[in-house]
Amino acid sequence: MELEPEKSLIQAESSDGPNSNSSDLVARVRKLLFRRMLVGIRDGRFFLGTFHCIDKQGNIILQDAVEYRSTRRSSTSPMEQRCLGLILIPSSCRSSCHVGCSIEEQLSLLKL
């Protein structure tokens, strides 16, 4: 499932009040906990790790993260990797976000 980088899962309040929609959003985020997540950032690197948490600003923390980057500018160049552990990815740097799960799980995550 791809998450929009500009919009956090925990975001603006609805017109009915601060708690009317927040429990739905929290439930959606809880379904993502401890899943494998691939996050792309604007400089072309990718991080693969276990989703640990997200804050109100949309910053993501991944556990057991591995960084993947191209060693050259050409598309056929091999990817270089290094193990990082626990990392924080600021929302301002994120360009893409994918969660590993089945089609049925993806559809259930889209429902509010």
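What counts, and where the lines are drawn
- Residues numbered from 1 in each chain as written.
- Predicted model: local features only at pLDDT ≥ 70, side-chain atom pairs only at ≥ 80, totals over all residues.
- Heavy atoms only, no water.
- Helix = DSSP H or I, 4+ residues; strand = E, 2+ residues; numbered from the N terminus.
- Buried < 20%, exposed > 50% of the residue type's maximum accessible area, 1.4 Å probe, protein only.
- Contact = heavy atoms within 4.5 Å.
- Areas by Shrake-Rupley, 256 points an atom, 1.4 Å probe, with all protein chains shown as cover.
- Core = buried A, V, L, I, M, F, W, Y, C linked by side-chain atoms within 4.5 Å.
- pLDDT = per-residue confidence, 0-100.
- Salt bridge = Lys/Arg side-chain N within 4 Å of Asp/Glu carboxyl O.
- Pairing = 2+ DSSP bridges.

Peer 1: Where do I start with the overall build of the protein in this structure?
Peer 2: If you tally the helices and strands in the protein, you get two helices and five strands. When the helices and strands of the protein are placed in sequence order, the string is α-β-β-β-β-β-α. Within the span of the protein, comprising 112 residues, buried residues form 32% of the whole. At a minimum sequence separation of 6, the contacts of the protein that also span at least 24 residues come to 47%. Carbon and sulfur atoms make up 53% of the accessible area of the protein, which totals about 7300 Å².

Peer 1: Could you clarify how one ought to interpret the nonpolar core in this entry?
Peer 2: Proteins that are soluble and globular tend to have nonpolar side chains buried together. In this structure, M37, F51, I60, L62 and I89 are the most contacted members of the largest nonpolar core, which totals 17 residues. Of all the secondary-structure elements, those providing two or more residues to this core are α1 (22–32), β1 (36–41), β2 (46–54), β3 (60–70), β4 (79–89) and β5 (94–99). Once residues lying within four places of it in the same chain are set aside, the contact partners of F51 are V29, L32, L33, F34, R35, M37, I60, I61 and L62.

Peer 1: Looking at this structure, I do not really get the confidence of the model for the protein. What am I missing?
Peer 2: A low pLDDT means the predicted coordinates there should not be read in detail. On average, residues of the protein carry a pLDDT of 81, and 79% of them reach 70 or more. Under a pLDDT of 50 for its full length, residues 4–16 has, in the predicted model, 23 contacts with residues more than four places off or in other chains.

Peer 1: Sorry if this is basic, but what is going on with the pattern of salt bridges here?
Peer 2: Oppositely charged side chains are able to pair whenever their charged atoms sit close together. Per the stated rule, a full pass over the model turns up four salt bridges. For R45, the salt bridge identified is with E67, shortest N-O distance 2.9 Å. A residue pair is termed long-range when its members are at least 10 positions apart, and R45 in the loop between β1 and β2 and E67 in strand β3 qualify at 22 residues. E67 sits in the buried class, given a relative accessible area of 3%. Among the salt bridges present, the one from E80 reaches R69, with a minimum N-O distance of 2.7 Å. Of this pair, E80 sits in strand β4 while R69 sits in strand β3; the two residues are eleven residues apart in sequence, bridging distant segments of the chain. R69 sits in the partly exposed class, given a relative accessible area of 38%.

Peer 1: Would you mind going over the pairing of β1 with me for this structure?
Peer 2: Each regular strand carries side chains that alternate between the two faces of the sheet. Pairing of β1 with β2, which is carried by five bridges, proceeds in the antiparallel orientation. By the bridge assignment for β2, V39 is matched with F47. As consecutive antiparallel partners, β1 and β2 are separated by four residues, and within that stretch G44 has a phi angle of approximately 100°, a positive value. Where β1 lies against β5, five bridges are found, and the strand directions are antiparallel. Bridge pairing links V39 to C97 in β5.

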